[in-house]
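Architecture at a glance
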Amino acid sequence: MLSFHAYAIVIFRLDWKFTRALTDWNQCLKRTSVLKDTLRKSVQLEESVFEPAMPVVLSVAEKATIRVLHVDDEASLLKVTQQCLEMEGSFQVDVATSVQEGFKKLEKKPFDVVISDYMMPEKDGLQFLQELRDSGNNIPFIIFTGRGREEVAIRALNLGADQYLHKAGAPETVYGELAYSITRAVQRKRAEERLRKSEELYRNLFELAPQSIITVDKNGVLTSCNNAATKMLGYSKEEMVGKHFSRIGVIRARNLPKFLKLFISVLKNSQSIKRPLELTFQRKDGSILTAEVSVSLLKQKGKVVGIQTISKDITKMKKAEESLEASEKALLESNLKFQALFMDNPEAAVFVGPHFRIRNVNSRFIQLFGYRLDELKGKSLLDVIVPEEKRREAESLDDNAKKGRVYSLDTIRTRKDGSLVQVSISAAPITVDGQLLGYVGLYRNISELKKAQQQLEESQRHFQTLFNLMVDPVAIVDEKGKILEVTDKALEITGFQREELVGRNFLRTKIATRKSKVIMMKNLAQRMMGKHFAPYEIEVLTKDGKKLPYEINAAKINYKGKPADLVVFRDVSERKNMEEKLRVVGGLARHDIRNKLAVVMGNIFLAKKLREKQSTLEHLEEIEATVRQIENILEFARTYERLGVEKLEYMDVEKTFGDVVTLFSNIQGIKVVNYCNGLSVLADSLLSQLFYILIDNSLKHGEKVGRIRLHFESSADQLRLIYDDDGCGIPPQEKTKIFKEEYRKESGHGLYLTRKMCEVYGWNIEETGKQGKGAQFAITIPKINGSGKESYRT
């Protein structure tokens, strides 16, 4: 049991944390409210900008459902706790009987609190807590245990536990205390989260405010400043925060008494200054600025703790007022120069005022659109040359011009006779000494250019259509190996995205093996010099690393005015497979039949020599057995040639295996177990041959076999089809050899053939049995095959 001292420590720590979180939350809300009100008054921003993104009322008796994860190795206790808590209040309880299961449930859905037993198999509650904290998960955590030791409780708190409770006692007390502790821990966590968000809101308002904001304490020391303040004054935060405002350098010596008097007056009167003040400051670079400054008090718990200032730089406005007369004089001179440039412009030009009313047009504008100046003057361009369907576009261009943006746009406009003309519009504001005079727009007739572009685009579309209709993958590369274009077929086969290939040198992609890249680059260089090559073979790599045999036929072409290489890839995998089949079948058949014929000829010779001395029956039987082996070799060749030929379909494993078993007359007395009810796999008729070979091997080489079994194990992404017997098993040194082409043991090449069948299906087979306990062949089948289809159904 926990001592009273330890229990008191637990309660004190938890109450202090909760109280501190609530106090900080309320303080943050007050700071946010003060800053929001001050900013709203200073810069007159919309109310919605400062609305908090979350409720600001914290109720100690929140009624929201609390999601609880209870971890305990005692299932009956989990059930009792779940019922008690859900009857006690707004709790939704999920349970786990181990730490491992608890982690899995935490990954699948969110919880508000974790309750954990201390003593559990494999991992205890403290290990559970430590792993959660080490991973950065700070979910409230309560130890709920039947064993209470002071050192365990202290260790739990040091690891970050929110409470340590004992299971023993009256149920109404135990579960009432547990419900209270859960509610308090969750409320504390939610209060801390609200505090974090509120502080983040306050900091964002502070830092993102467009005006300079500076706070000082009652001693005149800067406590904070925002980014706008550093930008306006030229000093970094490190150069200002922590220093008295008079020692930073932003106040000139002659103005310092005035600022000190103002500072003392505000603090003495405990009253904010109602109207903004116009004050001058000195930037770090020595330049002088004029600012409009709002001064307000900072309070905490009703007491003044400092002053906050919000400043707006009005230097430019002041200078503009001072130079107004000089600007008017310069405006007249500039206007004369502007008129000369405007009227002689080779493009159609229009000058509009600040409100986009036409003031003047040049002769090229009159020629392009057919209007006289007197028909246009004082009117809006929107009402004269803008088609109705382009009105919104034109209004958007006017908005951009108001923001001082120079723009260029290809669009259409209407002539006086109603015909449409394609134009390229460029526009810019005209200002003199900061004063906006209006806007100039230039209209260039691009009708012929657009017609040529459309013809070019149509030609390019035709080329692209033909390019992508190519059955074989095709690519275009420049003389340095940079991929300029690929067909959709190339992307489909390799699995790469277009942006992973186009624009990159093929040497820096993973589209081919290193050896193939060397060959391709060498041949590309020679083709660029005019040499032609016959088709040659390379290995293409898919995105997942699979190698594909392809034959390249390439030719030098002119692509967009520059020399390039047009590369056509021809899939030769079927040809390679056929060559492989012919090599295996031809080699094995010739070799084995030649050996068997030698046996036949030898036995015939012995039968002739010994026909007078002994019976020839033994040699004739040997000849007959050898002939049957030749038949098996030919059957192997026939089966091998069928690999990959038939269309794959879903085969009933239980039925197929059962049908194969009936083919063996010598299987009587052997127990056959078939646990594959409901299982279908994507295969062909050779699946029967695969099972036949496995059973045949058990009967021939398993020595004393009493049981043969076929069953399966499935997981989320694969299935293991397992065939085993209780015979003598396979020696460890032969486990990898039995699937090789050159391995033979009386029956020929059966297991080699099973491996090739599995490869065609996209499966993997391996021998996993133990010598002396029986052979076991495990076939691993992926859930989805290489063609994107389900490999099996259960």
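1. Describing the overall build of the protein
- In terms of regular secondary structure, the protein is built from 24 helices and 28 strands.
- Here the protein, with 794 residues, has 41% of them falling under the buried criterion.
- When contacts within the protein are restricted to residue pairs at least 6 apart in sequence, long-range pairs at least 24 apart make up 56% of them.
- Summing over all exposed atoms, the protein offers an accessible surface of approximately 45500 Å²; the carbon and sulfur share of this is 52%.

2. As for the packing of helix 2 (residues 75-88) against helix 6 (residues 171-208)
- At a minimum axis separation of 10 Å, helix 2 and helix 6 run at an interaxial angle of 70°. Here helix 6 runs roughly perpendicular to helix 2, going by the angle between their axes. Pair helix 2 / helix 6 crosses with right-handed handedness. Together, Leu77, Val80, Thr81, Cys84, Leu85 and Glu88 of helix 2 and Tyr175, Gly176, Leu178, Ala179 and Ile182 of helix 6 make up the contact between the two elements.

3. A closer look at the side chain of serine 516
- With respect to the helices and strands, the residue serine 516 is situated in helix 19 (residues 514-528).
- Once you skip the residues sitting within four places of it in the chain, serine 516 turns out to touch Ile538 and Glu539.

4. Remarks on the pattern of salt bridges
- In total, this model carries 35 salt bridges according to the counting rule given.
- Lysine 109 is the partner of aspartate 94 in a salt bridge, and the nearest nitrogen-oxygen pair spans 3.0 Å. With aspartate 94 in strand 2 (residues 91-96) and lysine 109 in the loop between helix 3 (99-108) and strand 3 (113-116), this residue pair connects regions lying 15 residues apart in the sequence.
- On the accessibility criterion, aspartate 94 (16% relative accessible area) is buried.
- Close ionic contact of aspartate 696 with lysine 700 constitutes a salt bridge, the shortest N to O distance being 3.2 Å. Note that aspartate 696 and lysine 700 are positioned in helix 23 (residues 686-701) at a spacing of four residues, about one turn of the helix.
- One connected set of salt bridges, linked through shared partners, spans Asp94, Glu101, Lys105 and Lys109.

5. Looking at the sheet that holds strand 1 (residues 66-71)
- Ordered by their spatial adjacency, five strands build an open sheet running 2-1-3-4-5, and the pairing between neighbours is parallel. Either end of the sheet is taken by a strand with one partner, and the two such strands are strand 2 and strand 5 (163-166). With strand direction ignored, the average angle separating the axes of adjacent strands in the sheet is 20°.
- As judged from the four bridges shared by strand 1 and strand 3, these two strands associate in the parallel manner. Counterpart to histidine 70 in the pairing with strand 3 is isoleucine 115.
- Together, strand 1, strand 3 and strand 4 (141-145) form the strand contacts of helix 4 (residues 125-134), whose direction differs from that of strand 4 by roughly 175°.
- Of the strands in this sheet, strand 1, strand 2, strand 3, strand 4 and strand 5 are in contact with helix 6, which crosses strand 4 at around 165°.

6. Overview of the packing of helix 23 against helix 24 (residues 750-761)
- Contact geometry for helix 23 and helix 24: axes closest at 10 Å, N-to-C directions at 145°. Crossing handedness for the pair helix 23 and helix 24: left-handed. Here helix 23 contributes Leu686, Leu687, Gln689, Leu690, Ile693, Leu694 and Asn697 to the contact with helix 24, which in turn contributes Gly750, Leu751, Leu753, Thr754, Met757, Cys758 and Tyr761.

7. Here we look at the nonpolar core
- Formed by 42 residues in total, the largest nonpolar core has its most connected members in Val681, Phe691, Ile695, Leu721, Trp763 and Phe777.
- Top contributing element to this core by residue count: helix 23, with eight residues.
- Once residues within four sequence positions are removed from consideration, phenylalanine 777 is found in contact with Leu694, Leu721, Ile722, Tyr723, Ile730, Ile738, Phe739, Leu751, Ile765, Glu766 and Glu767.
- Core analysis: the second largest hydrophobic core is formed by 26 residues, Cys225, Ala229, Leu233 and Phe281 among them.

8. Focus: the packing of aromatic side chains
- In this structure the tally under the stated criterion is 15 aromatic pairs.
- For the ring pair phenylalanine 356 and tyrosine 439, a centre distance of 4.7 Å and an interplane angle of 5° mean the geometry is stacked. Here the residue phenylalanine 356 occupies a position in the loop between strand 11 (348-352) and strand 12 (358-361), and tyrosine 439 occupies one in strand 15 (residues 435-445), the gap between them amounting to 83 residues. When sorted by exposure, phenylalanine 356 lands in the same class as tyrosine 439, which is buried.
- Here the aromatic cluster, defined as three or more aromatic residues joined through ring pairs, consists of Phe103, Phe128 and Phe141.
- Between arginine 793 and the ring centre of tyrosine 650, over which it is positioned, the NZ or CZ distance is 3.8 Å.

9. Regarding unusual backbone geometry
- Even without a glycine there, the phi angle at lysine 301 is positive, about 55°.
- Judged by relative accessible area, lysine 301 falls into the exposed class, the value being 67%.
- Positive phi, normally seen in glycine, also occurs at glutamate 703, with a value near 60°.
- Inspection of the secondary structure assignment puts glutamate 703 in the loop between helix 23 and strand 24 (707-714).
- Its relative accessible area of 66% is what places glutamate 703 among the exposed residues.

10. Here's the deal with the confidence of the model for the protein
- Taken as a whole, the protein shows an average pLDDT of 81; of its residues, 78% reach a score of 70 or greater.
- Confidence drops under pLDDT 50 across residues 38-62; counting only partners more than four residues distant or on other chains, this segment forms 37 contacts.

11. Observations regarding the sheet that holds strand 8 (residues 277-282)
- Taken in spatial order, the five strands of this open sheet run 7-6-10-9-8, and their pairing is antiparallel. The open sheet has two edge strands, strand 7 (222-225) and strand 8, and neither has a second partner. Averaged over all adjacent pairs, the angle separating strand axes in this sheet is 35°, with direction ignored.
- The pairing of strand 8 with strand 9 (residues 288-300) spans six bridges and is classified as antiparallel. Looking across to strand 9, one finds that phenylalanine 281 is bridged to leucine 289.

12. As for the environment of lysine 510
- Tracing the sequence through the fold places lysine 510 in the loop between helix 18 (498-501) and helix 19.
- Taking C-alpha positions, lysine 510 is 7.4 Å from lysine 543, a pair spaced 33 residues apart along the chain.
- Sequence-distant contacts of lysine 510, that is, excluding residues within four places in its chain, are made with Phe496, Lys517 and Leu541.

How each quantity is defined
Residues numbered from 1 in each chain as written. Predicted model: local features only at pLDDT ≥ 70, side-chain atom pairs only at ≥ 80, totals over all residues. Heavy atoms only, no water. Helix = DSSP H or I, 4+ residues; strand = E, 2+ residues; numbered from the N terminus. Buried < 20%, exposed > 50% of the residue type's maximum accessible area, 1.4 Å probe, protein only. Contact = heavy atoms within 4.5 Å. Areas by Shrake-Rupley, 256 points an atom, 1.4 Å probe, with all protein chains shown as cover. Axes fitted to C-alpha atoms, helices over the stretch in contact; angles between N-to-C directions. Parallel < 35°, antiparallel > 145°, perpendicular 65-115°, else oblique. Left-handed = near helix turned anticlockwise from the far one by under 90°. Salt bridge = Lys/Arg side-chain N within 4 Å of Asp/Glu carboxyl O. Pairing = 2+ DSSP bridges. Core = buried A, V, L, I, M, F, W, Y, C linked by side-chain atoms within 4.5 Å. Phe/Tyr/Trp six-rings, centres within 6.5 Å; stacked < 30°, edge-to-face > 60°. Lys NZ or Arg CZ within 6 Å of the ring centre and 35° of its normal. pLDDT = per-residue confidence, 0-100.

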